[in-house]
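If you want the building blocks of each chain, they are given just below.
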Amino acid sequence: MNRFKLYLFFSGLMLLGCFGTLFAQNRTISGTVADEKGELLPGVSLSIKGTTLGTNTNVEGRFTLSIPANATTLVVSFVGMQTQEIPVTNESTYTIVLQSDSKSLDEVVVIGYGSARKSDLTGSVASIKSEQLTQIATPNVTQAIQGRVAGVDVTANSGEPGGASRIRIRGVGTINNSDPLYVVDGFQTGDISFLAPTDIASMEILKDASATAIYGSRGANGVVLITTKRGRSGPTRFTLDGYAGVQNAWNKLNMLNAAQYGTLRLEAYRNDGTVLDPNGAEYRLLNNAAQTNMQGTDWQKEVMQTGSIQNYSLNVLGGTDKSRYSLTGTYFGQDGIVKNSSLRKYFLRFNNDYTFNNWLTGGISGAFSRTNKTFTNNDLFAGVLTTALRAEPITPAWNPETNNWGRTIVSQENNPARAASEMSGNKGYESLLNANAYVEASFLKHFKLRSQFGVNYKNVHNKQYLPEFFLDIKELRPNSQLTEYRSEQTQWVSSTYLTYDNDFGKHHVGGMIGTEAQRSTFDNIGMTAYNVPDNTDLRYLSSSRNPNVIPTTTPPSDESLLSFFGRANYSYNEKYMLTATLRYDGSSRFLKGNRWGIFPAFAFGWNVTDEPFMANIKAISNLKVRAGWGQVGNQNSANNYGYVTTISGGNRYVFGDQIVEGFAPTMASNPNLKWETTTSSNIGIDADFFNHSLSLTADYFIKNTADMIVRVPVPVFIGVGPPYVNAGSMRNNGIELALNYRNEVGAFRYDVGVNFTKIKNEVTSLGGGTGIESANVISNWGNITRTSVGREIAYFYGLKTDGIFRTQEEANAYNTKYGIGSENLAKAGDVRFVDANNDGVINDKDRVYLGSATPKFSYGFNATLGYKNFDLRLFFQGVQGVEVVNALDYFTRSSMGTWNSVTDRLNRWTPENTNTNEPRMTAKDANANYRFSDRFVQSGDYLRLRNVTLGYTIPKVVTDRWKMSTVRAYVSVDNLLTVTGYKGLDPEIGEYGYNRSYNPLAVGVDVGTYPQPQTWRAGLTLNF
């Protein structure tokens, strides 16, 4: 490390020594750049060859550039055009015409710690256009990626305003943390909530290890590279984009009305021979509802609403040859489809790039976001939507007789309308500040030295106020409660790296070496106070009339990472390309003996179309073959201090005559804990056909995770829980296809693309463990997912069924065969469970594989159609071969009739209706019809029209008179159509979890997840 510092020191001295030779007197040139048709081109890049001096044409296609007196060549480049080198003469004005280049292979894409021409890429890298990220109405950048890229699966964990999304690149790589790394303008982070989609200029997703290995221990789950909008020289340019609209639920469940509910509940009692007291409150309520054909309360209507949504963004950019700036401000507001679920978010981003002279550049970036959110209670048992689907429809939302909320007497559920009203006091505030600065020096013609420092500061303040209330002795809160939670997290990243690029005839050689240091700290505290006034101006802990304030906290953390890395590139005649990378990481999450990890990668590319034998194959415009291998790590799978023994309190012991508080170990230590390592191989092709109108990208990959961190069982007599050990392994392999076709027919133009992903996930080792069970969402079910060797992660595990007993004779034969006691006798209309292991007993040993939330394949389709000034955009996304557990069916299809049910239950078995698969009504449910079984596992396949947008751009002859460059108006609908067989609220289910804490071993378990809204909006985009 000391040698490396000396190297940088002497490099800096050399850089300063070159100052005198690089400094020269400047002069100014100007001009225009146009295409073959004479249309002036904005955004064309112009630079002085051999220097970093450059500029871009303004919106009118004009440029002004200060150049040194000894400049000889002006390099002019633009995406889709042939790059030209213009000799610099004594003239001060230039008129430049570029010729089209349909290959567009000189397009530059961002890679780790640098950039590369698209034609030179050897790894699997996908690009997303900035306009695609703003097509969906969301402030969540990751949600905007959904369905856009092959090999990238995005699932919304919740449709509530500000809900998080789950992103997996090339499958789930571990039973632990599979989240990707985000790199924003060179700053590495796991949280990009400070970015608005309108902030982003380009996005690249690094998918295979040969591309991600440069990020070493943080690259196992893929890397998302984001470049924000930068300034350009020329007149100040304004872009205003705004939309406003409404949202509603695209789907609601058909629930029983009060009369139907009363009928089924009374039938459940009759089938069990239970006689209710005719003067009792329950009988009178049920009988009255059934006899009077009462419609009752539609609880979904009581808690849901038509919400508003709006977004306004203003970008200002401009500058000179010396200084270029971009400033963007964004406001996003959303009132969710559930009452009192809302989000207000403010974004501010500033970039400024400087050209100090012809060898030194630099820049600063700053971003700030402020979030004001009302959290939704998504708990399966007390959540607003879940109780709205379970609560009996007989009870009114508001009881005028008591002038109070209604009380559900039969179902004994909390009043959903009251719970929705109470959510208004569940507030969350988050402030996030991101700052970044860099300096880059060019010296000795082929060298560049770049140093960058960035910091993230996140402050969270959540407040939950629960007012006191009284409905009856079972639904009350005697004292109001205020809980406040505060946390802060600080992260900084410092990077310095040196690059070299040079051409020797047909040979190109490039290299990069660097070092990086990162540190992240987290601290938090929580407090709960009781008897706090309901007045919003007095909802503070200090206002509590109860002297007891209860602290709650989680342990703070402090982690750091030190890295050294390098990359070497070689190409011959732009036809054969080799890339090698190496990273050496040291992490504080492991002890000294296992702290450091080495992560290498190699990749090869072959531009086949440059071979002589391809010269006469006119149909193939371009063909490149890529192959790569690499190893990357997953630092995030290990907890901070995960190698130590943990202890817990709450153990009281008697010593002498005194009771003392004791602590006992809860988990054994493992000082040998080390990295998870993912080894990945990839082979792919990039091809263009028919004069580049049809393009194809195809990849096959194998990704193996070794040393996966698991908890291997230990004997009970050890007295502590099992430690974390590196004993597991997992494998993902699959194919990715992306196909795009674009063309023009007269005034009609079209661009159509489709992507397809098929991934097989398999757990190959758990260190000898028999399996990991999880997702205990309902106590009567126990764990319903299992992770075991030979299967995909977190598959559903339960009993198989074989319909229901149509006759009592069938039930009697079943009872006799399995020796079922009189208290648990099955009757006609009960569920027939399968004895899977043929041991003559129906129990947990008969649980079998019931499918999983890992899709067989996923796909996306997008089309952009244009005719004159009109444009139409369509975007579809879907998954196939995926199962979902509808946990809410435990209540809404219950044979007991305690809770409200879906209308499918009207087709239940009765002596007059035996040809059905819906079980009979029974309040006692002696057969335990609602044990976890395949009856709760449903197809989660869906095809969704994510977005359709119709736009009109006002003709240029009109906007020119208005002194504006572009005016476009549009109308748009998100989630207009969803085709699915799933019977819940929404088939898109992420990872189950309470209080926004998600479990990767419970993916695909629907606990009444807040559904995706359908959004209708109108918008306007102005450029001037």
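Here the structure is shown first, and the text comes after it.
So, a few notes on the structure that sits alongside this text. (Residues numbered from 1 in each chain as written. Predicted model: local features only at pLDDT ≥ 70, side-chain atom pairs only at ≥ 80, totals over all residues. Heavy atoms only, no water.)

**Structural notes on the overall build of the chain**
Rules: Counting from the N terminus, the helices are DSSP H or I runs at least four residues long and the strands are E runs at least two residues long. In this setup the radius of gyration rests on C-alpha atoms only. A globule is expected at 2.2 Å times the number of residues raised to 0.38. Categorising residues by exposure relies on relative accessible area from a 1.4 Å probe, with only protein chains included: less than 20% of the type maximum marks a residue as buried, more than 50% marks it as exposed, and the intermediate range marks it as partly exposed. Contacts: residue pairs with any heavy atoms within 4.5 Å of one another. Accessible surface is estimated by sampling points in the Shrake-Rupley manner with a 1.4 Å probe; for residues, cover comes only from the protein chains shown. Counting rule applied: Lys, Arg positive; Asp, Glu negative; His and chain ends not counted. Every charge is mapped onto a representative atom, which is NZ of Lys, CZ of Arg, CG of Asp or CD of Glu.
When you go through the chain residue by residue, the secondary structure sums to 13 helices and 54 strands. Relative to the globule expectation of 31 Å for 1024 residues, the C-alpha radius of gyration of the chain, 32 Å, shows essentially globular dimensions. Based on the C-alpha atoms only, the size of the chain along its principal axes is roughly 105 × 75 × 70 Å. Residues counted as buried form 52% of the 1024 residues belonging to the chain. Considering only contacts within the chain whose residues lie at least 6 apart along the sequence, 70% involve residues at least 24 apart. Carbon together with sulfur atoms contributes 55% to the accessible area of the chain, which is approximately 44,100 Å² in total. The chain carries 95 positive and 90 negative side-chain charges, and their two centres are separated by 4 Å.

**Observations concerning the side chain of Arg218**
Short version of the rule: A pairing counts as a salt bridge when a side-chain nitrogen of Lys or Arg comes within 4 Å of a carboxyl oxygen of Asp or Glu. Pairs of N or O atoms are called polar contacts if they sit within 3.5 Å, as long as, within protein, a hydrogen donor faces a hydrogen acceptor (for residues adjacent in sequence, only side-chain-to-side-chain pairs).
As for its placement among the helices and strands, Arg218 is situated in the loop between α5 (209–212) and β16 (223–228). This buried residue, Arg218, is left without a salt bridge; Glu516 holds the nearest opposite charge, at 6.8 Å. A polar side-chain atom of Arg218 sits 2.6 Å from a polar atom in the side chain of Gln518. Ignoring sequence-local partners within four residues, the contact set of Arg218 consists of Leu181, Gln188, Thr189, Gly190, Gln491, Gln518, Leu561 and Gly633.

**Details of the sheet that holds strand β3 (residues 54–56)**
Using the following cut-off: Pairing between strands is defined by DSSP: at least two bridges between them are needed. To obtain each axis, a line is fitted to C-alpha atoms, and for helices this fit is confined to the stretch in contact; angles are then taken between N-to-C directions over 0 to 180 degrees.
In space, the 4 strands of this open sheet follow the order β3-β2-β5-β6, with antiparallel pairing throughout. Here the strands that pair on one side only, and so sit at the sheet edges, are β3 and β6 (84–87). Across the sheet, the mean angle separating the axes of adjacent strands is 20 degrees when strand polarity is ignored. Where strand β2 (residues 45–48) meets strand β5 (residues 73–77), 4 bridges bridge the pair, whose relative direction is antiparallel. Within β5, the position partnered with Ile48 by the bridge is Leu74.

**Comments concerning the side chain of Glu611**
Here Glu611 shows up in the loop between β33 (596–607) and β34 (620–633). Residue classification places Glu611 among the buried positions, given a relative accessible area of 9%. For Glu611, the residues in contact, after removing those within four places along its chain, are Lys575, Tyr576 and Trp606.

**Examining the packing of aromatic side chains**
To be explicit about the condition: Stacked, tilted and edge-to-face are the three classes applied to pairs of Phe, Tyr and Trp rings, where Trp contributes its six-membered ring and a pair requires centres within 6.5 Å; stacked means planes under 30 degrees apart, edge-to-face means over 60, and tilted covers the rest. Counting as a charge over the ring demands two things of the Lys NZ or Arg CZ atom: a distance within 6 Å of the ring centre and an angle within 35 degrees of the ring normal.
Applying the stated criterion to the full structure yields 35 aromatic pairs. Note on Phe689 and Phe690: the rings are 6.3 Å apart at their centroids and 45 degrees apart in plane angle, and the pair reads as tilted. Since its relative accessible area comes to 21%, Phe689 is described here as partly exposed. The rings of Phe381, Trp781, Tyr890, Phe891, Trp899, Tyr930, Phe932 and Phe936 are connected pair by pair, giving a single aromatic cluster. A cation over a ring is seen here: Arg786 above Tyr797, with NZ or CZ 5.0 Å from the ring centre. Here the basic side chain of Arg791 rests over the ring of Tyr849, its NZ or CZ set 3.8 Å away from the ring centre.

**As for the pairing of strand β47 (residues 857–867)**
For strand β40 (residues 748–766) and β47, the ladder comprises 10 bridges, and the chain directions are antiparallel. Paired with Phe756 across the strands is Tyr859, a residue of β47. Here β47 runs beside strand β48 (residues 870–880); their pairing, made up of 11 bridges, is antiparallel. Residue pairing across strands places Asn862 opposite Phe875, the latter belonging to β48. Counted along the chain from β47 to the antiparallel partner β48, the turn is 2 residues long, and its residue Lys868 has a positive phi close to 55 degrees.

**Structural notes on the environment of Ser411**
Counting through the fold element by element, Ser411 comes out in the loop between β23 (404–405) and α10 (416–422). As a C-alpha pair, Ser411 and Val152 span 259 residues in sequence and 43 Å in three-dimensional space. Apart from residues no more than four positions distant in its own chain, Ser411 is found in contact with Tyr261, Arg390, Ala391, Glu392, Thr898 and Trp899.

**Re the sheet that holds strand β43 (residues 795–798)**
Reading across from one edge, β41-β42-β43-β46 is the order of the 4 strands in this open sheet, with antiparallel pairing throughout. The open sheet has two edge strands, β41 (772–774) and β46 (848–852), and neither has a second partner. The sheet shows a mean angle of 40 degrees between the axes of neighbouring strands, direction not considered. Judged from the 2 bridges that link them, strand β42 (residues 785–787) and β43 form a sheet pairing that is antiparallel. Bridge assignment links Arg786 to a residue of β43, and that residue is Tyr795.

**Section: helix α11 (residues 808–817)**
Quick reminder of the rule: The directions considered for the arc run from the helix axis to the C-beta atoms.
All of the buried residues in α11 are Ala811, Tyr814 and Asn815. Taken end-on, α11 shows its buried residues confined to a sector of 100 degrees, consistent with a single buried face. Exposed residues pointing more than 90 degrees away from the buried face of α11 are listed as Glu809, Thr816 and Lys817. One or two positions beyond α11, positive phi appears at Gly819, with a value near 55 degrees.

**What about the nonpolar core?**
Heads up, the condition is: As used here, the term nonpolar core means buried Ala, Val, Leu, Ile, Met, Phe, Trp, Tyr and Cys residues forming a set that is joined through side-chain atoms within 4.5 Å.
Membership of the largest hydrophobic core comes to 58 residues, with the highest contact counts inside it found for Val777, Trp781, Ile784, Val885, Tyr890, Phe932 and Val1005. Listing elements by their share of this core, those giving two or more residues are α8 (299–303), α9 (384–390), α10, β38 (694–711), β40 and α12 (889–892). For this core, the leading source of residues is α9, giving 4 residues. Counting residues in hydrophobic clusters, the runner-up holds 23 residues, among them Val141, Met203, Val224 and Ala367.

**Some points on empty space enclosed by the protein**
To be explicit about the condition: Method remark: on a 1 Å grid restricted to protein atoms, a set of points is classed as a cavity if a 1.4 Å probe fits but cannot get out and as a pocket if it is open with protein on both sides within 12 Å along at least five of seven lines; lining residues have an atom within 4 Å of a point. Grid points are joined across faces, edges and corners, and a volume is the space filled by probe spheres set on the points. By the convention adopted, Pro, Cys, Tyr, Trp, Phe, Met, Ile, Leu, Val and Ala count as nonpolar, Lys, Arg, Asp and Glu as charged, and the other residues, Gly among them, as polar.
Taken as a whole, this structure holds 8 cavities of 30 Å³ or more when the rule is applied. In terms of lining, the largest cavity is formed by 40 residues, of which the most central are Asp153, Thr155, Arg166, Ala853 and Pro855. For the lining of the largest cavity, the secondary-structure elements that each account for two or more residues are β11 (152–156), β12 (165–169), β40, β47 and β48. Of all the elements, β40 adds the most residues to the lining of the largest cavity, at 5 residues. By residue class, the composition of the lining of the largest cavity is 18 nonpolar, 15 polar and 7 charged. Its boundaries defined by the atoms lining it, the second largest cavity holds a volume of some 50 Å³. Its residues assigned to classes, the lining of the second largest cavity shows 2 nonpolar, 4 polar and 2 charged.

**As for the pattern of salt bridges**
As enumerated under the stated definition, the model contains 51 salt bridges in all. As a salt-bridge pair, Glu991 and Arg166 come within 2.8 Å of each other at their nearest N and O atoms. Note that Glu991 is positioned in the loop between β52 (966–980) and β53 (1005–1006) and Arg166 in strand β12, a separation of 825 residues in sequence. For Glu991, a relative accessible area of 9% corresponds to the buried category. What makes Arg166 buried here is its relative accessible area of 9%. Arg407 is the salt-bridge partner of Glu475, the closest N and O atoms lying 2.6 Å from each other. Residue Glu475 is located in strand β27 (residues 475–477), and its partner Arg407 is located in the loop between β23 and α10; the two are separated by 68 residues in the primary sequence.

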